[in-house]
Amino acid sequence: MKSTSSRTLLEQSKLKYSRQRESLLDILKEQSVPITIDQLDEIVKQRNLSINLSTIYRILDAFQKHDMIEKTFNVPTQSYVIELKHAHHRHYLICLDCKKMIPINHCPMHEIIEQIEKEQDFHVSAHQLDIYGYCSDCIKNH
Ligand SMILES: [Zn+2]
Ligand SMILES: [Zn+2]
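## With respect to the sheet that holds strand S2 (residues 69–74)
No. 1: The strand order S1-S3-S2 describes an open sheet built from 3 strands, whose pairing is antiparallel. This sheet does not close on itself; its edge strands, each paired only once, are strand S1 (35–36) and S2.
No. 2: As defined by bridge partners, S1 adjoins strand S3 (residues 79–84) across 2 bridges and the pair is classed as antiparallel. If you follow Ile35 over to S3, its bridge partner there is Ile82.

## With respect to the sheet that holds strand S4 (residues 91–95)
The strands making up a sheet associate through hydrogen bonds between their backbones, and the pairing can be parallel or antiparallel.
No. 1: On the basis of which strands lie adjacent, the open sheet formed by 3 strands has the order S5-S4-S6 and mixed pairing. Because the sheet does not close on itself, it has two edges, and the strands there are strand S5 (101–104) and strand S6 (130–133). The mean inter-strand angle of the sheet, taken between neighbouring strand axes irrespective of direction, is 25 degrees.

Analysis parameters
Residues numbered from 1 in each chain as written. Chains lettered and ligands numbered in written order. Predicted model: local features only at pLDDT ≥ 70, side-chain atom pairs only at ≥ 80, totals over all residues. Pairing = 2+ DSSP bridges. Helix = DSSP H or I, 4+ residues; strand = E, 2+ residues; numbered from the N terminus. Axes fitted to C-alpha atoms, helices over the stretch in contact; angles between N-to-C directions.

Shown next as structure tokens:
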């Protein structure tokens, strides 16, 4: 699957191009699950990108204002995780033991939301759903 280049993503989001912004977007695009800012910082260091932490925060702020990333609170690790916004939003199974996040591909909320809107006369514009438990590896090791 060919994905949009980071440069194009910046253009589409009306953000000015910079090498640092492009590098961070490249990293976020490679992730299959959300990562913490510490993890992002680690990858930046591994690649010798010389973007300091306060710059990372500033760039992420800009990404968030331009609706390019999603930031959610991860309960087992008690930290915020970020990911690029996908055309189709994702939900995750989160292992309470190894903290692994496993994406689930369909949204189980759609039917429920339709029902809520009908019953409560309420327009739902967004929702969040994380499912906690134990992954197969952790179950095996117990
Ligand atoms: Zn696990
Ligand atoms: Zn959903």
